[in-house]
Amino acid sequence: MKLLEKTQLGNVSLKNRIVMAAMTRGRTDINGLVGDMTVAYYSQRASAGLLFTEAIRISEEATGSPLTPGIFTDQQIEAWKKVTTAVHDKDGVIIAQLWHTGRIGHSADRNGKLPFAPSPLPIRGMKHYTSQGMKDYEIPQEMTVQDIRQTIMDFGKAAKNAIAAGFDGVQLHAANGYLPSQFLAESANQRTDPYGGSIANKARFILEVMQELISVVGSEKVGIKISPFHPYGDIILDDPAGTYTYLIEELNKLDFAHVELMRRSPHFPSPEHYTVENEIEFFGSKIRQAVIANAGYDKVSAEAELEKGIAKLISFGTLYIANPDLTERFEKNATLNTPDRATMFGGGKQGYIDYPLLNE
Ligand SMILES: Cc1cc2nc3c(=O)[nH]c(=O)nc-3n(C[C@H](O)[C@H](O)[C@H](O)COP(=O)(O)O)c2cc1C
């Protein structure tokens, strides 16, 4: 089985090609500190070839949702060290996903401050989960060029902190409608300066952040997650195929380790003008870095995807919530536990670290 074969990503050896995708679980304290439960959670899943952390806020400004972790204070770095140590003790590999939520946030959880975004365009058709209940999205604050420069530096600082915390690398979260993907989409970016307008201008922010990450932590330790056809967060592009093809061609000019490519999900129908049928074939075949294919895979479809030769690794989200020992279960063809949707975001140990292992 290809899924169980060893491989290399950047300068790290992976014991198999099974990856846990980044998943926000809403279980930090109010200071964005991860605790013992989170140490146990990642440690339980260390038999994966590679773990991505849940999205981690790069700064206070990057905050979108309550009880999500940060990596911008000394205390947060110390808290993450316990996670990386526990995973490394089990020969695991763990990469920190770096997050700026942009307009997917609310002043209710930002000390009254409006979220930042490329343009003052609120998200339509969705409500936001806040500590004070579900709320309509506000009109976000348009970022100045100075705000953009500061944010790029914040990404660099967070990456440096992640390496100090013992992570094996960093991943830019440029998927799922958060700030980097907002820059690419006409539904979120109507700027008329060098960060908006042409496709090249809209891609500038992501490329500058990637350059910053590479310069701070080195090519081998950097990757990016993209979701070209995922409309979550009211992300609609006039020309998604052209925009992402350009982005990929420009990313190909940089040296870094991986691109996690998330397919659209049947739960989020995309607009009719999104005509490309197979995103892994269409975009993945253009990518020079190692491709991690994501969304909707099970053991059989993951194996078939690897056989096609475009993806080097496959990442699993939901399956990892309920199956800490997913690798062993794949190996033994065992049945899988079913995830409980009610405990995915927020709560305690239940639905977090109490899913049974095969031998339990
Ligand atoms: C509870 C939950 C939280 C998620 N949080 C994140 C996140 O923090 N960062 C991210 O890139 N994707 C996040 N995702 C998306 C997953 O990483 C993955 O792309 C998605 O679940 C599709 O993979 P799957 O079909 O194997 O579940 C989340 C998904 C779930 C179910």
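Values in this document were obtained by computation on a predicted structure and should not be read as measured data.

Remarks on the overall build of the chain
Tallying secondary structure elements over the chain gives ten helices and 14 strands in all. Here the C-alpha radius of gyration of the chain, 19 Å, is about what a compact globule of 360 residues would show, namely 21 Å. Over its C-alpha atoms, taken along the principal directions, the chain stretches across nearly 55 × 45 × 35 Å. Looking at the 360 residues of the chain, the share that counts as buried comes to 59%. Here the chain displays about 14200 Å² of accessible surface, and carbon together with sulfur accounts for 51% of that area. Charge-centre separation for the chain: the mean point of 37 positive side chains lies 2 Å from the mean point of 43 negative side chains.

Observations concerning the site of the ligand
Lining the immediate environment of the ligand, one finds 19 residues, of which Ala22, Thr24, Asn294, Gly296 and Thr318 sit closest. Residue alanine 22 places a main-chain N or O atom 2.6 Å away from an oxygen atom belonging to the ligand. Look at the ligand: alone it shows 600 Å² of surface, and the protein chains cover 86% of it. A molecule is said to occupy a pocket when more than half its atoms come within 2 Å of that pocket's grid points, and by this definition the ligand occupies the largest pocket. Counted by class, the shell around the ligand contains ten nonpolar, eight polar and one charged residues.

Digging into the side chain of histidine 128
Mapped onto the elements, histidine 128 comes out in strand 7 (residues 127–130). Overall, the relative accessible area of 3% leaves histidine 128 in the buried class. Of the polar contacts made by the side chain of histidine 128, one reaches the side chain of tyrosine 137; its length is 2.7 Å. Beyond its immediate sequence surroundings of up to four residues, histidine 128 is in contact with Gly64, Ser65, Ile104, Gly105, His106, Gly133, Met134, Lys135 and Tyr137.

Comments concerning the packing of aromatic side chains
Taken as a whole and judged by the stated rule, the model has 13 aromatic pairs. With a centroid separation of 5.4 Å and an interplanar angle of 80°, the aromatic rings of tryptophan 99 and tyrosine 178 are classed as edge-to-face. Of this pair, tryptophan 99 sits in strand 5 (residues 94–99) while tyrosine 178 sits in the loop between strand 10 (169–174) and helix 4 (179–184), and the two are 79 residues apart along the sequence. With centroids separated by 5.8 Å and ring planes inclined at 90°, the aromatic side chains of tyrosine 232 and phenylalanine 268 adopt a geometry described as edge-to-face.

Quick word on the nonpolar core
Within the largest apolar cluster, 90 residues are counted, with the highest numbers of intra-cluster contacts made by Ile71, Met210, Leu213, Ile224 and Phe316. The leading source of residues in this core is helix 5 (residues 199–217), at nine residues. The residues touching isoleucine 71, leaving out its near neighbours within four places in the chain, are Ile56, Arg57, Gln76, Ile77, Trp80, Leu98, Ala158, Asn161, Ala162, Ala165 and Phe167. Judged by nonpolar contacts, the second largest core, of twelve residues, contains Val12, Leu14, Phe52 and Val93.

Some remarks on empty space enclosed by the protein
Tallied over the entire structure, the rule returns one cavity of 30 Å³ or more. For the largest cavity, the calculated volume is near 60 Å³. Taken together, Leu9, Val12, Ile95, Asp168, Gly169, Val170, Glu220, Lys221, Val222, Gly223, Ala257 and His258 form the lining of the largest cavity. Of all the secondary structure elements, the ones that give two or more residues to the lining of the largest cavity are strand 10 and strand 11 (222–226). Partitioning the lining of the largest cavity into residue classes produces six nonpolar, three polar and three charged.

Rules used in this analysis
Residues numbered from 1 in each chain as written. Predicted model: local features only at pLDDT ≥ 70, side-chain atom pairs only at ≥ 80, totals over all residues. Heavy atoms only, no water. Helix = DSSP H or I, 4+ residues; strand = E, 2+ residues; numbered from the N terminus. Rg over C-alpha atoms; globule rule 2.2 N^0.38 Å. Buried < 20%, exposed > 50% of the residue type's maximum accessible area, 1.4 Å probe, protein only. Areas by Shrake-Rupley, 256 points an atom, 1.4 Å probe, with all protein chains shown as cover. Lys, Arg positive; Asp, Glu negative; His and termini not counted. Charge placed at Lys NZ, Arg CZ, Asp CG, Glu CD. Near = heavy atom within 4 Å. Polar contact = N/O pair within 3.5 Å; in protein donor to acceptor, adjacent residues only side chain to side chain. 1 Å grid on protein atoms, 1.4 Å probe; cavity = no way out; pocket = protein on both sides within 12 Å on 5 of 7 lines; lining within 4 Å. Sits in = over half its atoms within 2 Å of the grid points. Nonpolar A, V, L, I, M, F, W, Y, C, P; charged D, E, K, R; others polar. Contact = heavy atoms within 4.5 Å. Phe/Tyr/Trp six-rings, centres within 6.5 Å; stacked < 30°, edge-to-face > 60°. Core = buried A, V, L, I, M, F, W, Y, C linked by side-chain atoms within 4.5 Å. Points joined across faces, edges and corners; volume = space filled by probe spheres on them.

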